[in-house]
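Take a look at the letters that make up each chain.
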Amino acid sequence: AQKVTQAQTEISVVEKEDVTLDCVYETRDTTYYLFWYKQPPSGELVFLIRRNSFDEQNEISGRYSWNFQKSTSSFNFTITASQVVDSAVYFCALFFGNEKLTFGTGTRLTIIP
Amino acid sequence: DAGVTQSPTHLIKTRGQQVTLRCSPKSGHDTVSWYQQALGQGPQFIFQYYEEEERQRGNFPDRFSGHQFPNYSSELNVNALLLGDSALYLCASSILRRVTEAFFGQGTRLTVV
């Protein structure tokens, strides 16, 4: 069965602190994609990052970075020097051969000014 | 270039009624997927349309049906509304062979009273 677990329900940090959002996934497929989406109060899901199962190289994109480890089935997401505008609900999602996204339950991130 | 647009943005219906939600995909996209997001949960896949046909379906009852028009726009219909159908309904559009590059609309928030 395919499953995405985001154990952190809510996180609050003070502005400018770094914050890491955890994601653990389960799948039997060898080919899959992992995503992070941001959902502000307006409701739209905003695409942040995507990684395929064959590329474990971790990268940094601006203030965002991610740590993909197949050995532990984890795909963690870090925001560096957090800002108030980062406050939102963040979803980790898994995509595989049946062409649908399976989402976790989300982590509500609050950045305190 | 307009992104994915959904209408209406908010809707209140009475239990037992029927509702139709609409989605216009991003220009150049031919595939539309619908997701239901209950309060405090991650989005759940309802179904996907391509070439006016339902390609695949999630674990939702037959009360949930859809349609895709020749211009690729789509409708989601829910019959015999239940209180539990209250949710944010998200539409995602993509090109069939590039479903990993889906764009989401802002959603329709349905409240059933």
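Below: a short report on this structure. Everything numeric in this text was worked out from a predicted model, so none of it was measured.

**As for the pattern of salt bridges**
Counted under the stated rule, the structure contains six salt bridges over all chains. A:Arg63 is the partner of A:Asp86 in a salt bridge, and the nearest nitrogen-oxygen pair spans 2.8 Å. Of the two residues, A:Asp86 is situated in the loop between β9 (74-79) and β10 (88-95) and A:Arg63 in the loop between β7 (60-61) and β8 (64-69); the sequence distance between them amounts to 23 residues. With a shortest N-O distance of 3.2 Å, B:Arg57 and B:Glu54 are connected by a salt bridge.

**Topic: the pairing of β10(A)**
Residue and element names in this part refer to chain A. Summarising burial for β10: eight of the eight residues are buried, a large majority. Side chains of β10 alternate between two faces, with Ala 88, Tyr 90, Cys 92 and Leu 94 and Val 89, Phe 91, Ala 93 and Phe 95 buried alike. Across seven bridges, strand β5 (residues 33-39) lies against β10 in antiparallel orientation. Counterpart to Tyr 33 in the pairing with β10 is Phe 95. Where β10 meets strand β12 (residues 107-112), three bridges bridge the pair, whose relative direction is antiparallel. When the bridges of β12 are listed, Tyr 90 appears paired with Thr 107. Alignment of β10 against strand β11 (residues 101-103), held across three bridges, turns out to be antiparallel. Residue pairing for β11: Ala 93 is matched across the bridge by Phe 103.

**Section: the nonpolar core**
In this structure, A:Trp36, A:Phe75, A:Phe77 and A:Tyr90 are the most contacted members of the largest nonpolar core, which totals 25 residues. Broken down by secondary-structure element, the contributors of at least two residues to this core are β2 (10-14), β3 (19-21), β5, β6 (46-52), β8, β9, β10 and β12 of chain A. For this core, the leading source of residues is β10(A), giving four residues. Ignoring sequence-local partners within four residues, the contact set of A:Phe75 consists of A:Cys23, A:Leu34, A:Phe35, A:Trp36, A:Ile49, A:Arg51, A:Trp66, A:Asn67, A:Phe68 and A:Cys92. Of all hydrophobic cores here, the second largest spans 20 residues; its members include B:Leu11, B:Cys23, B:Ala87 and B:Val112.

**Remarks on the environment of B:Ser65**
All names here are of chain B. Position of Ser 65 relative to the elements: it lies in strand β7 (residues 64-68). Judged by relative accessible area, which is 27%, Ser 65 ranks as partly exposed. Counting along the chain gives 14 residues from Ser 65 to Asn 79, while the straight-line C-alpha distance between them is 8.4 Å. Beyond its immediate chain neighbours, meaning those up to four positions away, Ser 65 contacts Phe 47, Tyr 49, Glu 75, Leu 76 and Asn 77.

**A look at the state of the cysteines**
Per the stated rule, a full pass over the model turns up two disulfides over all chains. Shown here is the disulfide that connects A:Cys23 with A:Cys92, its sulfur atoms set 2.0 Å apart. Taking the torsion about the sulfur-sulfur bond, which here is approximately -65°, the covalent link between A:Cys23 and A:Cys92 counts as left-handed. Taken as a pair, A:Cys23 in the loop between β3 and β4 (24-26) and A:Cys92 in strand β10 lie far apart in primary sequence, 69 residues in all. In this structure A:Cys23 comes out as buried when scored by relative accessible area, which is 0%. What pairs with B:Cys23 in a disulfide is B:Cys91, and their sulfur atoms sit 1.8 Å apart. Note on the B:Cys23 and B:Cys91 pair: the S-S dihedral is about -60°, so by sign convention the disulfide is left-handed. Highlighted residues: B:Cys23 in strand β3 (residues 19-24) and B:Cys91 in strand β9 (residues 87-94), separated in sequence by 68 residues. With respect to class, B:Cys23 is no different from B:Cys91; both count as buried.

**With respect to the layout of surface pockets**
Considered as a void within the structure, the largest pocket measures approximately 530 Å³ in volume. Lining the largest pocket are 28 residues, and of these A:Gln39, A:Val89, A:Arg108, B:Leu39 and B:Gly40 lie nearest its centre. Counting only elements with at least two residues in the lining of the largest pocket, the list comes to β10 and β12 of chain A together with β9 and β11 (108-112) of chain B. Residue composition of the lining of the largest pocket, by class: eleven nonpolar, 14 polar and three charged. Reported here for the second largest pocket is a volume of approximately 190 Å³. Lining of the second largest pocket is provided by 15 residues; of these, A:Thr102, A:Phe103, B:Pro43, B:Gln44 and B:Phe45 occupy positions nearest its centre. Every element with two or more residues in the lining of the second largest pocket is listed here: β11 of chain A together with β5 (44-50) of chain B. With three residues, β11(A) is the single largest residue contributor to the lining of the second largest pocket.

Parameters at a glance
- Residues numbered from 1 in each chain as written.
- Chains lettered and ligands numbered in written order.
- Predicted model: local features only at pLDDT ≥ 70, side-chain atom pairs only at ≥ 80, totals over all residues.
- Heavy atoms only, no water.
- Salt bridge = Lys/Arg side-chain N within 4 Å of Asp/Glu carboxyl O.
- Helix = DSSP H or I, 4+ residues; strand = E, 2+ residues; numbered from the N terminus.
- Buried < 20%, exposed > 50% of the residue type's maximum accessible area, 1.4 Å probe, protein only.
- Pairing = 2+ DSSP bridges.
- Core = buried A, V, L, I, M, F, W, Y, C linked by side-chain atoms within 4.5 Å.
- Contact = heavy atoms within 4.5 Å.
- Disulfide = S-S within 2.5 Å.
- 1 Å grid on protein atoms, 1.4 Å probe; cavity = no way out; pocket = protein on both sides within 12 Å on 5 of 7 lines; lining within 4 Å.
- Points joined across faces, edges and corners; volume = space filled by probe spheres on them.
- Nonpolar A, V, L, I, M, F, W, Y, C, P; charged D, E, K, R; others polar.

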